[in-house]
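Overview (structure and organization)
Okay, here's what each chain looks like letter by letter:
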Amino acid sequence: MNFSKQEIINILKDDSQNDWLFELADKVRRENVGDEVHLRGLIEFSNICKCMCKYCGLRSPNKNIDRYRIEPDDVISCAEKAVELGYKTIVLQSGEDEFYSRDVMCKIIKGIKEFDCALTLSIGERSFEDYKAFKDCGADRYLIRIETTDRELYKKMHPNMDFDNRVRCLKDLKTLGYEVGTGCLVGLPEQTIESLADDILFFKEIGADMIGIGPFIAHPETPLKDCENGNFTLALKVMALTRVLLKNVNIPATTAMETLNPNGRIIALQSGANVVMPNVTTEKFSSKYEIYPDKSSLSDRDEAERIIKSIGRTISKGYGFRSNS
Ligand code: 5AD
């Protein structure tokens with residue numbers, strides 16, 4: 001199944017076809033990546049960020065936030081505990097925090113790669129040389145959402161940032177042999193359906209291996225505090241279409257989906273998603289990574305297993321690469 005841009009737009013605009021779309025995405029998911037769900041242990045190791053993204057609670061001008069930074073050795077021991085619990089992938093995520101220089105990150109990566117796990121980084125825009133050093137130390141995957149492919153909107157949402165540099169990052173990561181994850185926000189102010197169709201086509205064009213999609217949620221300490229939240233169903237449709245078009249990629253049931261809909265994680269898993277990312281950050285810090293308000297945090301592996309088994313799916317025992325190894 002392959003849709004043109006116009007067909008994608010029509011599907012996104014027409015809610016009478018939603019059930020058909022979600023069932024199709026579930027079928028494409030089953031045929032291409034099976035019934036296994038990959039669990040990724042997420043460590044949010046610093047909420048300090050130099051960026052000013054208009055939607056994000058971690059943006060540097062936000063003074064009303066308790067900032068923290070986890071010491072490199074503690075990040076490593078947090079990962080060790082997660083691997084002991086059975087996680088086969090660790091995801092290290094943070095704001096763009098310069099404390100974690102190339103050398104500091106390399107130390108953390110080497111430490112974690114002593115354990116039996118795959119390692120994903122999600123620490124923002126860096127130079128080709130940084131990305132190369134991280135890869136040489138053993139990092140396997142990298143997440144960096146494009147957020148929106150609408151250049152005008154991108155500029156409005158990301159002061160002091162450059163769309164072309166973000167694309168450069170994705171291309172460098174691909175060149176270096178990472179499995180690359182990207183994705184977008186759904187429901188940003190002034191975002192059009194046409195640009196969401198472009199986002200989906202962009203994921204395909206760039207050769208993304210993982211795609212995270214979630215609704216925009218207004219954060220009270222940001223310039224977008226009075227904007228309406230994104231629409232859960234529209235975000236789900238973008239995700240489902242991404243599954244249908246990209247087939248065997250890994251797609252998480254994102255936390256933002258769960259935050260907007262109490263059943264969001266299960267609904268996402270039944271509409272194309274095949275990955276869940278429980279939070280394994282040390283408890284002391286786990287509530288402080290407030291990208292958006294009321295962020296739902298699944299931190300209990302047993303709870304994740306229960307949810308997944310309740311819908312007839314199984315937990316993968318593999319590392320969860322795209323190639324299914
Ligand atoms: N609502 C939803 N998602 C958000 N993100 C950041 N701020 C928000 C928000 N207010 C997402 C971005 C980023 C990811 C880590 O979190 O897409 O890439």
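Residues numbered from 1 in each chain as written. Predicted model: local features only at pLDDT ≥ 70, side-chain atom pairs only at ≥ 80, totals over all residues. Heavy atoms only, no water.

The helix and strand tally for the protein chain stands at twelve helices and nine strands. If you line up the protein chain on its principal axes, its C-alpha atoms span 50 × 40 × 35 Å. Buried residues in the protein chain amount to 59% of all 325 residues. Here the contacts in the protein chain between residues at least 6 apart in sequence split such that 77% fall between residues at least 24 apart. When the accessible surface of the protein chain is split by element, carbon and sulfur atoms take 47% of a total near 13400 Å². The averaged location of the 51 negative side-chain charges in the protein chain is 2 Å from the averaged location of its 45 positive side-chain charges. (Helix = DSSP H or I, 4+ residues; strand = E, 2+ residues; numbered from the N terminus. Buried < 20%, exposed > 50% of the residue type's maximum accessible area, 1.4 Å probe, protein only. Contact = heavy atoms within 4.5 Å. Areas by Shrake-Rupley, 256 points an atom, 1.4 Å probe, with all protein chains shown as cover. Lys, Arg positive; Asp, Glu negative; His and termini not counted. Charge placed at Lys NZ, Arg CZ, Asp CG, Glu CD.)

The next subject is the site of the ligand. Neighbouring the ligand are the residues Y55, C56, R145, E147, L185, P215, F216, I217, I291 and Y292. E147 is positioned such that a nitrogen or oxygen atom in its side chain is 2.5 Å from an oxygen atom of the ligand. Taken by itself the ligand offers 410 Å² of open surface, and the protein chains cover 87% of this. Class assignment of the residues belonging to the shell around the ligand gives a composition of eight nonpolar, no polar and two charged. (Near = heavy atom within 4 Å. Polar contact = N/O pair within 3.5 Å; in protein donor to acceptor, adjacent residues only side chain to side chain. Nonpolar A, V, L, I, M, F, W, Y, C, P; charged D, E, K, R; others polar.)

With that out of the way, let us pick up the state of the cysteines. Tallying each qualifying case throughout the model produces zero disulfides. Looking at C137, it has no disulfide partner, and the nearest cysteine sulfur is the one in C106, 3.5 Å off. (Disulfide = S-S within 2.5 Å.)

For the structure shown, the criterion picks out seven aromatic pairs. On the basis of an interplanar angle of 70° and a centroid distance of 4.9 Å, the ring pair of Y131 and Y142 is categorised as edge-to-face. Here Y142 lies in strand β5 (residues 141-143) and Y131 lies in helix α5 (residues 128-136), a separation of eleven residues in the sequence. On the numbers, 5.3 Å between centres and 80° between planes, the contact of Y154 with F163 is edge-to-face. Look at Y154 and you get buried, because its relative accessible area is 1%. Under the relative-accessibility criterion, F163 is labelled buried at 10%. Three or more aromatic residues joined by ring pairs form one cluster here, namely F45, F99 and Y100. (Phe/Tyr/Trp six-rings, centres within 6.5 Å; stacked < 30°, edge-to-face > 60°.)

Let us look at the sheet that holds strand β9 (residues 314-315). Spatial ordering of the open sheet is given by β8-β1-β9, a layout of three strands whose pairing is parallel. Because the sheet does not close on itself, it has two edges, and the strands there are β8 (275-276) and β9. One ladder, built from two bridges, connects strand β1 (residues 36-39) with β8; its direction is parallel. Across the sheet, residue H38 finds its bridge partner in β8, namely V275. (Pairing = 2+ DSSP bridges.)

Right, let's talk about the side chain of E125 for a bit. The topology assignment puts E125 in the loop between β4 (118-122) and α5. Looking at E125, its side chain comes within polar contact range of the side chain of N165, at 2.8 Å. A polar side-chain atom of E125 sits 2.8 Å from a polar atom in the side chain of R166. Leave out the neighbours within four places in its chain, and E125 touches E96, Y131, I144, Y154, M161, N165, R166 and C169.

To continue, consider the side chain of R265. Relative to the helices and strands, R265 resides in helix α11 (residues 264-269). Once residues within four sequence positions are removed from consideration, R265 is found in contact with A253, E258, V276, S296 and L298.

In the predicted model, the protein chain carries a mean pLDDT of 96, and 99% of its residues have values of at least 70. When the elements of the protein chain are averaged for pLDDT, helix α12 (residues 301-310) gives the smallest value, 93, and α5 the largest, 99. (pLDDT = per-residue confidence, 0-100.)

Evaluated as defined, the whole model comprises two cavities of 30 Å³ or more. The volume enclosed by the second largest cavity comes to roughly 70 Å³. Taken together, H38, L39, R40, G86, Y87, K88, T89, R301, I315, S316, G318 and Y319 make up the full set of residues lining the second largest cavity. The residue makeup of the lining of the second largest cavity, split by class, is four nonpolar, five polar and three charged. (1 Å grid on protein atoms, 1.4 Å probe; cavity = no way out; pocket = protein on both sides within 12 Å on 5 of 7 lines; lining within 4 Å. Points joined across faces, edges and corners; volume = space filled by probe spheres on them.)

Attention shifts here to the sheet that holds strand β2 (residues 41-46). With parallel pairing, the six strands of this open sheet are ordered in space as β2-β3-β4-β5-β6-β7. Each having just a single partner strand, β2 and β7 (210-215) make up the two edges of the open sheet. Adjacent strand axes in the sheet meet at a mean angle of 20° when their direction is disregarded. Alignment of β5 against strand β6 (residues 179-186), held across three bridges, turns out to be parallel. Each bridged residue has a counterpart across the sheet, and for Y142 the counterpart in β6 is V180. (Axes fitted to C-alpha atoms, helices over the stretch in contact; angles between N-to-C directions.)

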